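Descriptive structure summary
Chain by chain, the residues run as shown.
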Amino acid sequence: KPLKNIFTGYEVEQIDPVCKEIKFKNGKKEKYDILISTIPLPELPNIIKNVPSRISKVFKKLKWLSIFNLNLGLTGKDISKKHWIYFPENSFKVFRVGFFHNFSKFNAPLDKSSLYAEVSYSNSRRLDKKNIESIIVNDLQRMGISNGNAKGTVKVVNDIKYAYPIYDHNYDKAKDYIFDYLRKQGIVTAGRFGKWEYMSMEDVILDSKEISSLCG
């Protein structure tokens, strides 16, 4: 509540590092001295004005894993005592299931349960999104988790394009090259997707504190 200078509905259309100006899709513009970006790193060359072709080529070397995340509210209680479970078997599409109600009793109504199920995919491993929800429900039933209660219950879908940066052979060199370019443009990246690192929430908080102190 004490923070009064947060504005929503300002999707960035273009960043002009020469004029140090941001153009938003709502038609407004904003000047900056130092720009802190939490935008996923692969998206930056699409909005920075006049990115050199040699830099754009390096951005394209960044790889990632995407996650299709299905959240379900289930009838019944005590479907699991776990916080989350991994399923490495090839017989399941789902690789992880977590149970919100075990983190806090306030995450589901009384006598009900809430969970999330995740399926990973990438450019090299495509996902059939038309049928994936029914596949997930079937997986949950075969795991003995939903016991048929997943049908007709509350659901929320999160299709997360940038979920996990992939640490391949190009990772370090590409990031160093990109960050050197961004620093020269007065752009500082922050957070898990801005820094393009596997960071926990605690890591992001510490990183934000460090960046804020550097920016004065």
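Residues numbered from 1 in each chain as written. Predicted model: local features only at pLDDT ≥ 70, side-chain atom pairs only at ≥ 80, totals over all residues. Heavy atoms only, no water.

Concerning the overall build of the protein chain
Worth spelling out the cut-off: Labels follow the DSSP assignment, with helices taken as runs of H or I lasting at least four residues and strands as runs of E lasting at least two, numbered in each case from the N terminus. In this scheme, a residue with accessible area under 20% of its type's maximum is buried, one over 50% is exposed, and one in between is partly exposed, where area comes from a 1.4 Å probe on protein chains only. Here, two residues are considered to be in contact whenever any of their heavy atoms come within 4.5 Å of each other. Here the open area of atoms and residues is found with the Shrake-Rupley method and a 1.4 Å probe, where only the protein chains shown may cover a residue.
In terms of helices and strands, the protein chain carries seven helices and 10 strands. For the protein chain, the spread of C-alpha atoms along the three principal axes comes to 60 × 45 × 30 Å. Buried positions account for 38% of the 216 residues belonging to the protein chain. Here the contacts in the protein chain between residues at least 6 apart in sequence split such that 62% fall between residues at least 24 apart. For the protein chain, the accessible area works out to roughly 13,900 Å², and carbon and sulfur atoms hold 53% of it.

Quick word on the side chain of H101
Cut-off, in case you're wondering: Between N or O atoms, a polar contact is any pair within 3.5 Å; within protein, one atom must be a potential hydrogen donor and the other a potential acceptor, and residues adjacent in sequence are included only when both atoms are from side chains.
Along the chain, H101 falls in helix α3 (residues 100–103). Among the polar contacts listed, one links the side chain of H101 to the backbone oxygen of S114, at a separation of 3.2 Å. Residues within four places of H101 in sequence aside, it is in contact with I79, S80, N107, A108, S113 and S114.

Some thoughts on the sheet that holds strand β6 (residues 84–86)
Filter applied, for reference: Paired strands are those between which DSSP finds at least two bridges. Think of each axis as a best-fit line through the C-alpha atoms, taken over the contacting stretch in the case of a helix, with angles from 0 to 180 degrees between the N-to-C directions.
Spatial ordering of the open sheet is given by β6-β7-β8-β5-β9, a layout of five strands whose pairing is antiparallel. Across the chains shown, the open sheet's two edge strands, defined by having one partner strand only, are β6 and β9 (155–165). Here the average twist between neighbouring strands, direction ignored, is 20 degrees. When strand β5 (residues 64–75) meets β9, the two strands line up antiparallel, connected through eight bridges. Across the sheet, residue N69 finds its bridge partner in β9, namely N158. The strands touched by helix α4 (residues 132–143) within the sheet are β5, β7 (96–99), β8 (112–121) and β9, with β5 carrying the most contacts at an inclination of about 65 degrees.

Observations regarding the layout of surface pockets
Put simply, the rule reads: Both site types are read off a 1 Å grid over the protein atoms alone. A 1.4 Å probe that fits but cannot get out defines a cavity, while an open set with protein on both sides within 12 Å along at least five of seven lines defines a pocket; lining residues have an atom within 4 Å of a point. Grid points are joined across faces, edges and corners, and a volume is the space filled by probe spheres set on the points. In this classification, the charged set is Asp, Glu, Lys and Arg, the nonpolar set is Ala, Val, Leu, Ile, Met, Phe, Trp, Tyr, Cys and Pro, and all remaining amino acids, among them Gly, are polar.
Volume-wise, the largest pocket comes out at about 670 Å³. Looking at the lining of the largest pocket, the elements that each hand over two or more residues are β5, β6, α3, β8, β9, α6 (191–194) and α7 (201–214). Here the residues of the lining of the largest pocket are counted per class, giving 15 nonpolar, four polar and four charged. Around the second largest pocket, the lining residues are N5, I6, F7, Y10, I22, F24, K28, K29 and E30. Put simply, the parts of the chain that give the lining of the second largest pocket at least two residues each are β2 (21–24) and β3 (29–31). Among the residues forming the lining of the second largest pocket, the class breakdown is five nonpolar, one polar and three charged.

Here's the deal with the sheet that holds β2
Strand order in this open sheet of three strands is β1-β2-β3, and the pairing throughout is antiparallel. One side of each edge strand has no neighbouring strand; the edge strands of this open sheet are β1 (12–16) and β3. Put simply, the sheet's adjacent strands are angled 20 degrees from each other on average, direction ignored.

Some remarks on the packing of aromatic side chains
Convention followed: For Phe, Tyr and Trp, rings pair up if their centres lie within 6.5 Å, where Trp contributes its six-membered ring, and each pair is then called stacked (planes under 30 degrees apart), edge-to-face (over 60) or tilted (otherwise).
Per the counting criterion, the structure on display carries 10 aromatic pairs. On the basis of an interplanar angle of 55 degrees and a centroid distance of 6.0 Å, the ring pair of F7 and Y10 is categorised as tilted. When its relative accessible area of 32% is taken as the criterion, Y10 is described as partly exposed. By way of ring pairs, the aromatic residues F7, Y10 and F24 are connected into one cluster.

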